[in-house]
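Commentary on secondary and tertiary structure
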Amino acid sequence: MCIFVLMQKFTIDRRNTGLFTEQQLLLTYGQDRFLPFLENIFSPDNIDRQVSLKQKWYSEEKRNRIHRVLEEHYLEVEKSEQVTFNLKKLKETTTFTVTTGHQLSLFTGPIFFIYKILHTIKLCTLLSENSREYHFVPVFWLASEDHDLEEIREVDVFGKKVRWETDQKGAVGRMSTEGLESLKSELRLFFKSGELEEIDLLLNAYQGKNLAEATFNLVNKIFGKYGLLCLNADHVELKRSFIPVFEKEVLSKFSFDAVNRSSENLMREGFKVQVKPNTVNLFYINGLKRNKILFENPDYFIQDEGTVSQNRILELLHTHPECFSPNVVLRPLYQEYILPNICYVGGVGELSYWLQIKGVFDAVEVPFPLIHARTSVLFIDAITHKKMSKAGLLLEELFLDKEELKRMKLKENSSNELDFSEIERASEQLSSELTAKITSIDPGLEKYAGAEVARLKNQIEAIQSRLIKVFKQRNEDQLNAIDAIFERLFPNGMLQERVLNLFAMCPDGKISERIDSIYRSIDPLDPDLIILMEPQK
């Protein structure tokens, strides 16, 4: 047990939690099982090997380009010393990146958004400290071209849904931030005036001409001090560099065949697949609208654009590369094409689709990165900790089936507390001895003796009834407490980290302190689930 700024840290093997599938556990503890679908398994011993692969492939031209784009990103943004340092280091051929990414979730969305970024930062720190030759920079990839607004427009804060009502459709990163100011005011109402200093700093940073810019500013405000670099790859210069891959996709549909082959092999091995490729794995963006490019031999069809010839598609690629957007199949390739990246950090569910795409990388001879499962955290706040203590719950019992846990607790409690057998035996003996004593002195007092013994039995039975009532009431409270604890830690049966939001995790408004505490608790080389527990108040 270790203490990190008011919180205790415990760990538990994910395999003992019942919260992860077998495939997810293998991605965490046994990647060698997936070797046919990976270049190298994630291991500190394989870092130099992966660096060597990337170093041979990644050109000075690519490095200068990504440096220019990132410098442009940060032109009008307040940069920390560590961000400035990492931007400078990125120009050096001995600097490489570790990347994570996520949708542009409202107010950072579920807390695992925070966990995955902190894990990536901590991993880079560890790798840099352990290397004499190389420096590693954490990068957050803004999924600005994603168009699933429903997945990001709502966030749960203290059990209340805060929802962004907007009619905009298409690439979320290009959407106007209109309407977010009223949501900020709504969020401020959750806090007392004395708790708003850091809240206001973050909410004031959460602004820009579009959602991508607002998210960039917010993420930089939270994580800039750690040296995290944010990248919005919806950029014309980066897209232009990717034209050779765009062309290959249009002309040969190479990713469709590559993913299908990997998917068949995965399923043959008994694993599940997440991604079903399109014939052409590209979108066409016109303003906000992001529409699939459908192949209708020999032509193509784009909603709102109509039928388009192959030659016209190729012409548009060269004149307006910014209008083309990779989907989930080609996005990882785009990432690895433009960044000096050696490792991608993601959730265990997210990493599953990476197993389907190595063939896509092989087809264009781009090094496939290491993939690494992010830290998962179960956060137990002070109130929940107190409820656990009162209910007599141990940490390891949190991972039992809830109904089974209730039955177990009832059995534990009833085995001793409601056992009146010794009292009943003593009562019978006392009644017998009292009757014998009274009648031995005066046989005429037999009825009196019987009445007094009956009164004594009634008193004992009344005490038993009272105790049984108290027991039932106490157990009802315990069972209700178990329900409340599980709903807090596993809302709707899900991992808490998929629902709990950063702001709801910090009801006292002390966000930087809480983030620092989580950062210290993370060991990126320990795959176990972390439990962070606040002390009772």
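Throughout what follows, the structure given in this document is the object of discussion. (Residues numbered from 1 in each chain as written. Predicted model: local features only at pLDDT ≥ 70, side-chain atom pairs only at ≥ 80, totals over all residues. Heavy atoms only, no water.)

1. Some details on the sheet that holds strand S8 (residues 282-286)
Stated precisely, the cut-off is as follows: Should DSSP find at least two bridges between two strands, the strands are regarded as paired. In this text, helices come from DSSP runs of H or I with a minimum length of four residues, and strands from runs of E with a minimum of two, each type numbered from the N-terminal end. In this description, a line fitted to the C-alpha atoms serves as the axis of each element, helices being fitted only across the stretch in contact, and the angle between N-to-C directions of two axes falls anywhere from 0 to 180 degrees.
A sheet is described by the order of its strands in space; here five strands give the open sequence S11-S10-S9-S8-S12, paired in antiparallel fashion. Every other strand in the sheet has two partners, leaving strand S11 (306-308) and strand S12 (324-326) as the edge strands with one partner each. Averaged over all pairs of adjacent strands, the angle between strand axes in this sheet comes to 35°, irrespective of strand direction. One ladder, built from three bridges, connects strand S10 (residues 299-302) with S11; its direction is antiparallel.

2. Describing the nonpolar core
For soluble globular proteins, nonpolar side chains are generally found buried alongside one another. To be explicit about the condition: The definition of a nonpolar core used throughout is a set of buried Ala, Val, Leu, Ile, Met, Phe, Trp, Tyr and Cys residues joined through side-chain atoms within 4.5 Å. Summary of the burial criterion: residues with accessible area below 20% of their type's maximum are buried, those above 50% are exposed, and those between are partly exposed, where the area comes from a 1.4 Å probe applied to protein chains only. The contact rule is simple, with two residues in contact once any of their heavy atoms fall within 4.5 Å.
Phe107, Phe223, Leu231 and Leu333 are the most contacted members of the largest nonpolar core, which totals 125 residues. Broken down by element, the residue count for this core peaks at eight residues, all from helix H8 (residues 211-223). If near-sequence neighbours (up to four positions away) are discounted, Phe107 is found in contact with Val155, Val162, Leu183, Lys184, Leu187, Leu203, Tyr206, Leu218, Asn501 and Phe503. Phe399, Leu405, Ile482 and Leu489 belong to the second-largest nonpolar core, a separate cluster that totals 19 residues.

3. What to know about unusual backbone geometry
Trans peptide bonds make up most of the peptide bonds, and negative phi angles are found at most residues other than glycine. The amide bond that connects Asn297 to the next residue, Pro298, takes the cis arrangement and shows omega of 5°. One can find Pro298 in the loop between strand S9 (289-296) and S10. One non-glycine residue, Phe107, adopts positive backbone phi at about 50°. You can see Phe107 is positioned in the loop between strand S3 (95-102) and helix H5 (112-129). Even without being a glycine, Asn492 presents a positive backbone phi close to 55°. By the element assignment, Asn492 lies in the loop between helix H19 (446-489) and helix H20 (502-505). You can call Asn492 exposed: its relative accessible area is 65%.

4. Topic: the packing of H5 against helix H21 (residues 511-521)
This is how the line gets drawn: In what follows, roughly perpendicular refers to angles from 65 to 115 degrees, roughly parallel to angles under 35, roughly antiparallel to angles over 145, and oblique to any angle outside these ranges. For any helix crossing, the convention is left-handed if the near helix is rotated counterclockwise from the far helix by under a right angle, and right-handed if that rotation is clockwise.
Axis separation between H5 and H21 bottoms out at 9 Å; the angle between their running directions is 55°. Judged by the inter-axis angle, H5 sits oblique to H21. Judged by the sense of rotation from one axis to the other, the crossing of H5 with H21 is right-handed. Here Tyr115, Leu118, Ile121, Lys122 and Thr125 of H5 lie close against H21, whose contacting residues are Ile515, Ile518, Tyr519 and Arg520.

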